[in-house]
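# Understanding the architecture of this molecule
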Amino acid sequence: MRKKIIQLAFMLGGGALAMTILPILWELIGYSDLIWVNNPVTDFILGALIFYLLSLIAWQLVDRFIKQIETILSEESPLKLLLGSLSIMIGLALAVLVTSPLRSIPDNIFLNAGVPILAMLVLGYFGYRIGTGRMEDVYHFVGTLTSRMRIKSPRGNEKDSDILTADEANYHHYKILDTNILIDGRILALVKTGWVEGTLLVPNFVLYELQYIADAGEPLKRIRGRRGLDILNELRNNSSIPLEMWDGDYEDIKEVDEKLIRLAQELNGILITNDYNLNKVTSFQNVEVLNLNELAGALRTSVAVGDRLQITLVKNGRERQQAIGYLDDGTMVVVEEGRQHLQETVAAEVTSSLQTDAGRMIFGNYIETV
């Protein structure tokens, strides 16, 4: 289908071009008096036939070029495409307005056609660059506007309005993803549950870091990088929450973490990460962070001293009579006097628990084999 459309475009363009050029050619070779040759219908048919033959060779090049344009456009955010289109139209309109006096100059093809076309190209390009050159300011404006729209309530409902106004400071339209959270992959499952609101934002420098890791020489790094790229593609195809790419950069900053902090400050966004160090650094930068590890820890089963657990003991502990098992959420349980019951499911009474940076540990005493 695409091939036929390209060939049809070639034929229409060739026919229109022939209707302009061939009358001049017939006059030069002395055929201008032959009506059956020098007429618009014949000229159009000849031009369409010539360009059809040309399209048999050139259509693949045009098709490849169109696919490249489609790939570039699909990677851009809808907001940037909209602003770019509007700014290009403004630039073209300005070029037409500025060059309109030149069209009245007789017998000067350069001033009548050349200068207007050149002005349209230049002003259209500058319009696009100006319209999309400060996308971070546009994102910040959209985020602020969205926050304000959320606090509007029906007329006369002052109580609801007060509640939403108080909640405005806790809402961040953009949820900025870092490299580690994409490699981790749990963000995809969280998004599918519908617990994340707003718009996911992935900066280009995070994408470049993922591509660098995916191209690394170490096999483990390559696997991690490719996993991050796969998760990003699945998030882009997921309809639960919109995802946008941010194509800006901070040339004066080298570290990706510092760039993420700067971006979150400018857009009034919130970082989603599982990086322990990034979480600590942002606490001094007035930037809010959603740490996925903290969320997972908060959702683990609450265990109190004296509770009974059923646990399968899988390996020996550090101490002489200890054995270790794991709950369904991965929490490690150390059972005293359990070494004699390895590979068995036992009942244990909780005596204490310990929270560490690596996770939670539960200690208990063996009661009986289940």
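Above this text you will find the structure in question.
As a starting point, this report considers the structure included with it. Computed from a predicted structure; not experimentally measured.

On to the overall build of the protein. Within the protein, the regular secondary structure consists of 13 helices and 10 strands. Once local pairs closer than 6 in sequence are excluded, the contacts in the protein between residues at least 24 apart make up 60%. Within the structure as shown, the protein displays about 23,400 Å² of accessible surface, and the carbon and sulfur contribution to it stands at 59%.

Here we come to the packing of aromatic side chains. Throughout the structure, instances matching the rule amount to 3 aromatic pairs. Residues Y125 and F126 carry aromatic rings whose centres are separated by 5.7 Å and whose planes lie at 65° to one another, so their mutual orientation is edge-to-face. For F126, a relative accessible area of 46% corresponds to the partly exposed category. Seen in terms of ring centroids, F205 and W246 are 6.2 Å apart; in terms of plane orientation they differ by 80°. Their pairing is edge-to-face.

Okay, the nonpolar core next. Counting 40 residues, the largest nonpolar core has L177, L182, I187, L235 and L271 as the members making the most contacts within it. Per element, the largest residue contribution to this core is 6 residues, and it comes from helix α11 (residues 256–267). Among all residues touching L235, those that are not within four sequence positions of it are L177, L182, I187, L188, V191, L200 and L243. Among the nonpolar cores identified, the runner-up in size contains 12 residues, and I311, L313, V335 and A348 belong to it.

The next subject is the packing of helix α8 (residues 186–193) against helix α10 (residues 219–237). Taken N-terminus to C-terminus, the directions of α8 and α10 make an angle of 15°; their axes are 9 Å apart at the nearest point. It follows that α8 is roughly parallel to α10 by the angle criterion. Regarding α8 and α10, the two cross each other, and that crossing is left-handed. For the pair α8 and α10, contact is made by I187, L188 and V191 and by I231, E234 and L235, respectively.

A separate point is the pairing of strand β7 (residues 323–326). The two faces of a sheet get side chains in turn, since along a regular strand they alternate between them. Direction of pairing for strand β6 (residues 308–316) relative to β7: antiparallel, over a ladder of 3 bridges. Directly across from K315, in β7, lies its bridge partner I324. In this antiparallel pair of consecutive strands, β6 and β7, the connection spans 6 residues. Bridge count between β7 and strand β8 (residues 332–336): 4 bridges; the pairing is antiparallel. Within the sheet, the bridge partner assigned to I324 lies in β8 and is V334.

Our next topic: the side chain of N238. Positionally, N238 belongs in the loop between α10 and β3 (243–246). At 2.7 Å, the side chain of N238 forms a polar contact with the backbone nitrogen of S240. Residues contacting N238, with those up to four places away along its chain left out, are V191 and K192.

The next thing to look at is the sheet that holds strand β5 (residues 289–291). Hydrogen bonds between backbone groups are what pair the strands of a sheet, and the pairing can be parallel or antiparallel. In space, the 5 strands of this open sheet follow the order β3-β2-β1-β4-β5, with parallel pairing throughout. One side of each edge strand has no neighbouring strand; the edge strands of this open sheet are β3 and β5. On average, each strand axis in the sheet is inclined to that of its neighbour by 30°, with strand direction left out of account. Relative to β5, strand β4 (residues 270–273) runs parallel, the two sharing 3 bridges. Among the inter-strand pairings, I272 is bridged to a residue of β5, identified as L290. Packed onto the sheet, helix α9 (residues 204–214) meets β1 (174–177), β2 (199–203) and β3 and runs at close to 60° relative to β2.

Most of β8 is tucked away, with 4 of its 5 residues classed as buried. Hairpin connection between β7 and β8: a loop of 5 residues separates the two successive antiparallel strands, and G330 in this loop has a positive phi of roughly 95°.

Regarding α9, the residues found buried are N204, F205, V206, L207, L210, I213 and A214. Buried positions along α9 lie against β1, α7 (179–184), β2, α10, β3 and α11.

Conventions used here
- Residues numbered from 1 in each chain as written.
- Predicted model: local features only at pLDDT ≥ 70, side-chain atom pairs only at ≥ 80, totals over all residues.
- Heavy atoms only, no water.
- Helix = DSSP H or I, 4+ residues; strand = E, 2+ residues; numbered from the N terminus.
- Contact = heavy atoms within 4.5 Å.
- Areas by Shrake-Rupley, 256 points an atom, 1.4 Å probe, with all protein chains shown as cover.
- Phe/Tyr/Trp six-rings, centres within 6.5 Å; stacked < 30°, edge-to-face > 60°.
- Buried < 20%, exposed > 50% of the residue type's maximum accessible area, 1.4 Å probe, protein only.
- Core = buried A, V, L, I, M, F, W, Y, C linked by side-chain atoms within 4.5 Å.
- Axes fitted to C-alpha atoms, helices over the stretch in contact; angles between N-to-C directions.
- Parallel < 35°, antiparallel > 145°, perpendicular 65-115°, else oblique.
- Left-handed = near helix turned anticlockwise from the far one by under 90°.
- Pairing = 2+ DSSP bridges.
- Polar contact = N/O pair within 3.5 Å; in protein donor to acceptor, adjacent residues only side chain to side chain.

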